[in-house]
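The lines below spell out each chain.
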Amino acid sequence: MSPPIFVIMLSSLATGTILTMTSYHWLMAWVGLEMNTLAIIPIISTMNNPRATKAATKYFLTQASASAMILFSSMINAWQTGTWDITNLSSEPAHILLTMALAMKLGLVPMHFWLPEVLQGSTMTTALIITTWQKLAPMTLIYLNINNLSTAVLILLGLLSSIIGGWGGLNQTQTRKIMAFSSIAHLGWMITVSSIMTNIMIMNLVIYLIMTTALFCSLILSKSKTIQDTTTAWTLSPTLTAMMMILLLSLGGLPPLTGFMPKWLILEELIIQNLIPTATTLAVSTLLSLFFYLRLTYTTTLTLSPNTIQTEFKWRFKLKSMTFFMAPLSTISILLLPLTPLMLL
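Everything numeric in this text was worked out from a predicted model, so none of it was measured. (Residues numbered from 1 in each chain as written. Predicted model: local features only at pLDDT ≥ 70, side-chain atom pairs only at ≥ 80, totals over all residues. Heavy atoms only, no water.)

Draft legend 1. Here's a closer look at the nonpolar core. Counting 88 residues, the largest nonpolar core has Ile40, Ile44, Tyr59, Ile70, Ile130, Met139 and Leu141 as the members making the most contacts within it. No other element matches helix α10 (residues 198–222), which puts 13 residues into this core. With residues up to four places along the chain from it excluded, the contact list for Ile130 reads Ile40, Ile44, Tyr59, Leu115, Val118, Leu119, Ser122 and Lys135. (Core = buried A, V, L, I, M, F, W, Y, C linked by side-chain atoms within 4.5 Å. Buried < 20%, exposed > 50% of the residue type's maximum accessible area, 1.4 Å probe, protein only. Helix = DSSP H or I, 4+ residues; strand = E, 2+ residues; numbered from the N terminus. Contact = heavy atoms within 4.5 Å.)

See the structure below:
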């Protein structure tokens, strides 16, 4: 794809998301979601191979179905109440349709099957966009409608997503699929706390976006597409290898790293609301995710490839890739925990 066309697609992508996030009319929100979907389809299918085409088709069908359900939901609500206001969704069938549509948009369990397959069929950069930027518009709609959606259904979706997100990633060898299941698990935590305290949900979303972007930058820089590729990442840069290890542990939610902060606050809030079984299930499901993070950490930093590496030590040479964003994002992903009291104010 030529640079001008790529810039146009990214601009359309950003415009669609911003239009959805700033609109209070259901039709405008729907138009924004459609712009967003149509802009990313060419980006997914930039690689001229059947897998990319298959991924783009799956993404289009899933997102188009979810957008249609959102449109049906808003039409039912407008038919019964006479208003198209996003925050005034008072019809019960509209609530059910909207919850299903947003779960499909985000890739929550049980509508999560498309996410690992689409990520595996796209490039690392496209996978980064899908797991970060593409979550903003649906999460905004959840935030705007949180008073109308069922708390029990959201908590159930969150619990299932955190469990399946950890379970599904255990047997994966492709880093993009691992990041897809990581995304499902993190979104499960956000959806669980969304109906209880939206401030924590937003903070969790921001920290998730920062950590995921930082790790994807490391994977793109080291060209690590499989777990086996991470075993030779040390030849590129020993510093990058150490940073990847700490980023993975932060994504796993280990203290004293940044990733521990949202999990700590969410568990504390659930215990305050006397949802002890929910908090226990979430905490146990984190161990599943932590396993595949630790496996990546182990292969990246503590093992060497059993075969003789025929490459030179690349760390002697200057990196050609852009690392401007990686440095601040990695720092924030690691050292933000002491600022927790400041962020709670």
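So much for the structure itself; the text now carries on.
Draft legend 2. Local environment of the UniProt feature "domain: NADH:quinone oxidoreductase/Mrp antiporter transmembrane" (unreviewed entry) in the chain. The sites that UniProt annotates as "domain: NADH:quinone oxidoreductase/Mrp antiporter transmembrane" (unreviewed entry) are residues 23–288. Secondary structure within residues 23–288 divides into 74% helix and 0% strand; the distance between the first and last C-alpha atoms comes to 38 Å. (UniProt positions renumbered as here; feature names shortened; annotations may be inferred.)

Draft legend 3. Seen up close, the packing of helix α6 (residues 124–131) against α10. The geometry of α6 relative to α10 is characterised by a closest axis approach of 10 Å and an angle of 175° between their N-to-C directions. Taken as axis vectors, α6 and α10 run roughly antiparallel relative to one another. Residues Met124, Thr125, Ala127, Leu128 and Thr131 of α6 form the contact with α10, whose own contacting residues are Tyr208, Thr212, Thr213, Phe216, Leu219 and Ile220. Taken together, the residues that form the contact of α6 with α10 break down as seven nonpolar, four polar and no charged. (Axes fitted to C-alpha atoms, helices over the stretch in contact; angles between N-to-C directions. Parallel < 35°, antiparallel > 145°, perpendicular 65-115°, else oblique. Nonpolar A, V, L, I, M, F, W, Y, C, P; charged D, E, K, R; others polar.)

Draft legend 4. Quick look at the packing of α10 against helix α13 (residues 260–272). Where α10 contacts α13, the axes come no closer than 9 Å and their chain directions differ by 160°. Classed by the angle they form, the pair α10 and α13 counts as roughly antiparallel. Note that α10 runs across α13; the crossing there is left-handed. Of the residues in α13, those in contact with Ile200, Met203, Asn204 and Ile207 of α10 are Met261, Pro262, Leu265, Ile266 and Glu269. The residue makeup of the contact of α10 with α13, split by class, is seven nonpolar, one polar and one charged. (Left-handed = near helix turned anticlockwise from the far one by under 90°.)

Draft legend 5. Spotlight on α6. Counting buried residues in α6 gives seven out of eight residues, a clear majority hidden from the surface. On its buried face, α6 sits against α1 (3–22), α2 (26–44), α3 (50–81), α5 (114–120), α9 (175–194) and α10.

Draft legend 6. Just the packing of aromatic side chains, in detail. In the structure shown here, the tally under the stated rule is three aromatic pairs. Seen from their ring centres, Phe292 and Tyr293 are 4.9 Å apart, and the 55° between their planes marks the pair as tilted. Overall, the relative accessible area of 0% leaves Phe292 in the buried class. Owing to a relative accessible area of 1%, Tyr293 belongs among the buried residues under this scheme. (Phe/Tyr/Trp six-rings, centres within 6.5 Å; stacked < 30°, edge-to-face > 60°.)

Draft legend 7. Region of interest: the pattern of salt bridges. Overall, the coordinates contain two salt bridges when judged by the stated rule. Among the ionic pairs, Lys58 bridges to Glu117, the shortest N-O distance being 3.8 Å. Residue Lys58 is located in helix α3, and its partner Glu117 is located in helix α5; the two are separated by 59 residues in the primary sequence. A residue is classified by how much of its surface remains accessible, and Lys58, at 29% relative accessible area, is partly exposed. For Glu117, a relative accessible area of 35% puts it in the partly exposed group. Overlapping salt bridges bring together Lys58, Glu117 and Lys177 as one network. (Salt bridge = Lys/Arg side-chain N within 4 Å of Asp/Glu carboxyl O.)

Draft legend 8. Representation of the environment of Leu33 in the model. Position of Leu33 among the secondary structure elements: in helix α2. A relative accessible area of 3% means that Leu33 is categorised as buried. In the structure, Leu33 is positioned 164 residues away from Met197 in sequence and 25 Å away in space, judged by C-alpha atoms. Among all residues touching Leu33, those that are not within four sequence positions of it are Gly16, Thr20, Ser67, Ile70, Lys105, Ala137 and Leu141.

Draft legend 9. Spotlight on unusual backbone geometry. At the junction of Val109 and Pro110, the peptide bond is cis and its omega measures out at 5° in the coordinates. As for its placement among the helices and strands, Pro110 is situated in the loop between α4 (92–106) and α5. For Lys223, which is not a glycine, the phi torsion comes out positive at approximately 55°. One non-glycine residue, Asn274, adopts positive backbone phi at about 65°. As for its position among the elements, Asn274 is in the loop between α13 and α14 (276–302).

Draft legend 10. Looking closely at the side chain of Thr126. Take Thr126: it is sitting in helix α6. There is a polar contact of 2.8 Å between the side chain of Thr126 and the side chain of Thr123. Ignoring any residue separated from it by four or fewer positions in sequence, one finds Thr126 in contact with Ile43 and Ile44. (Polar contact = N/O pair within 3.5 Å; in protein donor to acceptor, adjacent residues only side chain to side chain.)

Draft legend 11. Examining the environment of Trp189 more closely. When you line up the elements, Trp189 lands in helix α9. Judged by its relative accessible area of 4%, Trp189 falls in the buried class. For Trp189 and Ala101, which are 88 residues apart along the polypeptide, the C-alpha to C-alpha distance reads 18 Å. With residues near it in sequence (within four places) discarded, Trp189 still touches Ser162, Asn204, Lys263, Ile266, Leu267, Leu282, Ala283 and Thr286.

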